[in-house]
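# Notes for the structure review
Listed below are the residues making up each chain.
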Amino acid sequence: MEFILSRENPFSVTLEPRLHNILNQQIMTEEIRKDLLNLFENGNESYLEFRENRFIQKKEKLSDVIHRHNIKTFVSIRKDKAKTQTINQKTLKINIILAQKIIDLARVRNFDDKRLFEYNLVPTSYLFDADGLIIKTDKSSLIREMESMYLLKEHYSYSNLGGMKITYLVDVMSNIRKLSVKTKETFGDSCQSFINYIFSLCKNNDDIHFVFDSYLNGSVKDSERSRRYQTKPIDIHILNNDTPIPVDMTTFWNSNTNKQKLQSLLIENLLKLNNNCIILSAYVVEDEIRLSQKVGHAGSIDELNNFIEEADIRLFPHAKYAVMNGSDKITVLSNDTDVIVGLIYHYNEFRNDGLKELWFRAGVGATTRYIPIHTLVDNSKFGTKLSAIKQLKMASLHDFGKDVRIYNAENMIKEGEKYLIQVIKPNSNCKTMNELRYQIYHHKKSSSFLDLPPTTLETKGHCLRAIFNCYQYIYALQSKLMPELDPKEYGYENVDSLIIPSQYLRKYPEDLIQP
């Protein structure tokens, strides 16, 4: 009895009653719940089916195998991988054959050949995978390229010795997921391990900012989070220091509810330290803001209270706050390439306010290093795809994502399309992606429909999403003053209560197919 009560009194309901395991606190999924609660009904249905088929209609012999009807359990749910769509080679060949038939039909009917390439011709996208998610790029290669061009070995000499006022900014979720939990028994052990790890890195600190993620309803991160769901999530009912760590942590990480509860537990443990160098960021849960706070101080820090969703972007207001409060040196502990790009963008403002050094801890294991953002900015003239830059007046992209009024957004899209054309085919005279598709198909040897770049319409959607994301990073320091953008106006759509990127697919012109 004492063992059970130490975990939860089953006769005392303090939270929303959910069917769960009182030992590991894992909440039963809807599939498990239905199977357990309908056990008698399902068994009776199986018996009636058995009796009907073998005794009454005699469709099956009495000696035939009786197949098992396994009920869903936590074990079976963990093994039940989320279904991902793949396109096999046979399907790809069929798609290519159908696309060729469309072109042949256009020739027979004297259809405008160039107009034909305004359409995808195949049911797949250059920009999306088979699950409808944007194909991931190797963003880290951009940073490695910049490092190789603008940094020398001696530039990586990092020291956290005294002499400067040092502030550390910690992307909490990015760092906590790097730690192994194999030797940990409870979430309390895991939180303590994380705290020890961070303090081992943040020596001679003046302040440590723990920056948390927000989980908003209708987020553009919905599709990215669904990409990670290779196993079905299992929610934890009560998450405290004594809650056992699940055998399979992927079922834990795939639940936003679990991550919210883990953040709350971590905050609880950080507050217990009573260390007044700790600053906890604001974050949002279900559209309600949890205010920032400095441990040991009353009230919140107004400059850090905002509705920014991602810790990646919330890091920048924290950097600004640190500089305005006298920090000479800032070290950012994160894993995201986007953070480096944002730090580069905002660095000059930080420097003008008094910052002397800005470092970013990157890599894992043997590749771990501290990147000097201040040196990177001083030694370089930034840009990507140099061959494309040479072909364009890059001033046309300098304001990309800044003024998002409809007229300016249309101009940004046109300039973005021109830039991408030069990325794909340097020195091209094509003015639109549709022209480039037509040219590549007719003049490039062994060209396949599947290798053609996106249509102008797809490129527009891609540029709209880029404008949306750039806007978040550019105005991260003025987020309270700037209007929020509606993602559905910038390349996203609402599907089954999830905000996902629109594909803008058009397979073929309807007036060609109609007799």
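Notes on the structure in this doc start here. (Residues numbered from 1 in each chain as written. Predicted model: local features only at pLDDT ≥ 70, side-chain atom pairs only at ≥ 80, totals over all residues. Heavy atoms only, no water.)

Below, the discussion takes up the overall build of the chain. Looking only at helices and strands, the chain has 21 helices and eleven strands in total. In the chain, buried positions account for 43% of the 515 residues. Contacts in the chain between residues at least 24 apart in sequence constitute 67% of all its contacts with a sequence separation of at least 6. (Helix = DSSP H or I, 4+ residues; strand = E, 2+ residues; numbered from the N terminus. Buried < 20%, exposed > 50% of the residue type's maximum accessible area, 1.4 Å probe, protein only. Contact = heavy atoms within 4.5 Å.)

Let us now look at the sheet that holds strand β6 (residues 293-294). An order of β6-β3-β2-β1-β7-β8-β9 is seen for the seven strands of this open sheet, with the pairing classed as mixed. Whereas interior strands pair on both sides, the edge strands pair on one side only; in this sheet they are β6 and β9 (369-372). Set on the sheet, helix α9 (residues 187-201) makes contact with β1 (166-171), β2 (207-211), β3 (278-280), β7 (329-333), β8 (357-362) and β9; between it and β2 the angle comes to about 135°. (Pairing = 2+ DSSP bridges. Axes fitted to C-alpha atoms, helices over the stretch in contact; angles between N-to-C directions.)

The next subject is the pairing of β7. For β7, a buried count of five out of five residues is recorded, marking the element as mostly surrounded by other parts of the structure. Relative to β7, β1 runs parallel, the two sharing five bridges. Paired with L169 across the two strands is V332, which belongs to β7. Pairing of β7 with β8, which is carried by five bridges, proceeds in the parallel orientation. Each residue of the ladder has a partner; that of K329, found in β8, is E357.

Summarising the element assignment, V332 is placed in strand β7. Spatially, the C-alpha atom of V332 lies 4.8 Å from that of F360, the residues being 28 residues apart in sequence. Aside from chain neighbours lying at most four places away, what touches V332 is L169, L315, V339, L343, L358, W359, F360 and R361.

With that settled, consider the environment of L116. Structurally, L116 can be placed in helix α6 (residues 113-116). Distance from L116 to Y508, taken between C-alpha atoms, is 7.2 Å for residues 392 residues apart in sequence. For L116, the residues in contact, after removing those within four places along its chain, are I102, I103, A106, F111, L121, P509 and L512.

This next bit is on the pairing of β8. Burial analysis of β8 places five of its six residues in the buried class, the great majority of the element. In the classification by handedness, the crossover that spans β7, the intervening helix α14 (residues 337-352) and the parallel β8 is right-handed. The sheet contact formed by β8 and β9 spans four bridges and is antiparallel. Note on β9: the bridge partner recorded for R361 is Y370. The turn linking β8 back onto β9 is made up of six residues, and G363 within it adopts a positive phi angle of 85°. (Right-handed = clockwise from strand over helix to strand, strands pointing away.)

This part is about the packing of aromatic side chains. On inspection of all chains with the given rule, the structure shows 14 aromatic pairs. Centroid distance Y158 to W359: 5.0 Å. Interplanar angle 75°. Geometry classified as edge-to-face. In this pair, Y158 is assigned in the loop between α7 (140-150) and β1 and W359 in strand β8, connecting sequence segments 201 residues apart. W359 shares its class with Y158; the two are buried. Seen from their ring centres, F252 and W253 are 5.2 Å apart, and the 80° between their planes marks the pair as edge-to-face. Each member of the pair F252 and W253 is classed as buried. These aromatic residues form a ring-pair network of at least three members: F117, Y438, Y441 and F449. (Phe/Tyr/Trp six-rings, centres within 6.5 Å; stacked < 30°, edge-to-face > 60°.)

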